[in-house]
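# Summary of structural features
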Amino acid sequence: MIDDTFAFIIHPINPRRDVSRKWPIVGKVLTEGQVNFLSAYFPPVYCSQIDGVRSEANGRELKGWFIACPFTPRRMLELPVSMVYDKIVACGRMAERLGARMLGLGAYTSVVGDAGTTIARRLDMPVTTGDSYTIAIAVEAVRKAADVMGIPLTAAVVGATGAIGSVCAQMLADDVGELILVGRRTDTLNTMREKCENRRAIVRSGTTIDSIYNADLVLTVTSALEAIIHPQHLKPGAVVCDVARPRDVSKQVADLRDDVLVIEGGMVEVPGPVDFHFDFGFPPKMAFACMAETMALALEGRYEDYSVGKGLTVEQARAIAAICARHGFKLGGFRSFERAVTDEQIARVREQAQVNLRHWTPYAIAQARGDL
Ligand SMILES: NC(=O)c1ccc[n+]([C@@H]2O[C@H](COP(=O)([O-])OP(=O)(O)OC[C@H]3O[C@@H](n4cnc5c(N)ncnc54)[C@H](OP(=O)(O)O)[C@@H]3O)[C@@H](O)[C@H]2O)c1
């Protein structure tokens, strides 16, 4: 008999591709617009049972469930927020009926509105957005990638005024010589700068993506619906950790820039013989950090709200990282555009960066493509 249980809410990002994961024929027959339109009338969708998550600290085992909220990020922004809350709460009620004792809000269901506060108030079960462990793992991934590439000098955080980005920025300010904060609004950026000052880094800020050109490390975590980082924005040798879902980094970066390394933020190895019984695009045993936070809280027996609201803290990120490490969760290997990153690939990127740094300018690649 397993007492510790959780549920995690996922949602489609690419409507046709993601709907096909559950219903291959529906994904083939309907257009993207039709899937988006019909999603407003869909109830929550039961996806799968999750078995085999086992703590390395106390041997406790978990049972869990994936439940899909049928809205895409675009739909969540278009519809009245109260309607989106109602749907997420309906997913939570399904989780309660299944027997879940802890609920995780995946990707955009944690971004919308007040980041889980209303959802937590309306449900009888505790809720987490999973954002604190997302922060801890993103920062760890950036630090590891910097070690591998040998470039711990200048870092940039894109989306530095957001719930996740602001804490990542504060943590990276202890590590690097220069930190560039990128956001859209000068007033909130100034507040963030104050929070990051008096640490190791000299802190600068900018309101355009061009501000990241001098960065060796870029951690990007905006809630933009389309890619905002393109080939011409990156310096040769840059490492970019893309935590955003949908992604912030355009696919063209992978196609055109063999001198930068883009890694996905947030992939975590789960302890125990875990089977998700559902393909969400990761290799076996790997989960998003926000899923891992939900599982770790249940393994710890901490059935209380965590990472709810926009005001997350460095302390929360460090505390959940310690809990996750104790139960055996750890950073998964690097992945880039859904493929594992090999040592050979890293060596090639480093080599090409050395060559390109001799003659490269920010707009060289865009000009070569005829964009400028
Ligand atoms: N990988 C994972 O495990 C995981 C887990 C949780 C969340 N996420 C993802 O993380 C991202 C951020 O989540 P969050 O909770 O930090 O969101 P948030 O608090 O809403 O912050 C979003 C940030 O993005 C900025 N932004 C929004 N649209 C933009 C645009 N078009 N161009 C430039 N900047 C833009 C916002 O700027 P303003 O302040 O000007 O609005 C803000 O700084 C989302 O994509 C979410 O899906 C990933």
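Structure: see above.
Reference entry: report on the structure contained in this document. Bear in mind the structure is a predicted one, so any value in this text is a computation, not a measurement. (Residues numbered from 1 in each chain as written. Predicted model: local features only at pLDDT ≥ 70, side-chain atom pairs only at ≥ 80, totals over all residues. Heavy atoms only, no water.)

## Thoughts on the environment of Arg-199
Condition: The helix and strand labels rest on DSSP assignments: H or I over at least four residues marks a helix, E over at least two residues marks a strand, and numbering proceeds from the N terminus. Exposed residues in this analysis have more than 50% of their type's maximum accessible area, buried residues have under 20%, and partly exposed residues fall in between, with area computed by a 1.4 Å probe over protein chains only. Two residues qualify as a contact provided that any one of their heavy atoms is within 4.5 Å of a heavy atom in the partner residue. In protein, a polar contact means a hydrogen-donor-capable atom and an acceptor-capable atom, both N or O and within 3.5 Å, with residues adjacent in sequence counting only if both atoms are side-chain atoms; elsewhere, any N or O pair within 3.5 Å suffices.
Tracing the chain through its elements places Arg-199 in the loop between α10 (186-196) and β8 (202-206). On the basis of relative accessibility, which here comes to 31%, the residue Arg-199 falls in the partly exposed class. Taking the C-alpha atoms as reference points, Arg-199 and Gly-309, 110 residues apart in sequence, are found 25 Å from one another. Residues in contact with Arg-199, not counting those within four places in the same chain, are Gln-170, Ala-173 and Asp-174. In terms of polar contacts, Arg-199 uses its side chain to reach the backbone carbonyl oxygen of Lys-195, at 3.5 Å.

## A few points about unusual backbone geometry
Residue Pro-246 is reached from Arg-245 by a cis peptide bond, and omega for that bond is 0°. Mapped onto the secondary structure, Pro-246 falls in the loop between β10 (239-242) and α11 (251-256). Although it is not a glycine, Ala-115 adopts a positive phi angle of roughly 55°. If you trace the backbone, Ala-115 turns up in the loop between α6 (108-111) and α7 (117-122). Assessed through its relative accessible area of 1%, Ala-115 is described here as buried. The phi dihedral of Lys-285 falls on the positive side, at around 75°, and the residue is not glycine. By secondary structure assignment, the location of Lys-285 is in the loop between β12 (267-269) and β13 (286-288).

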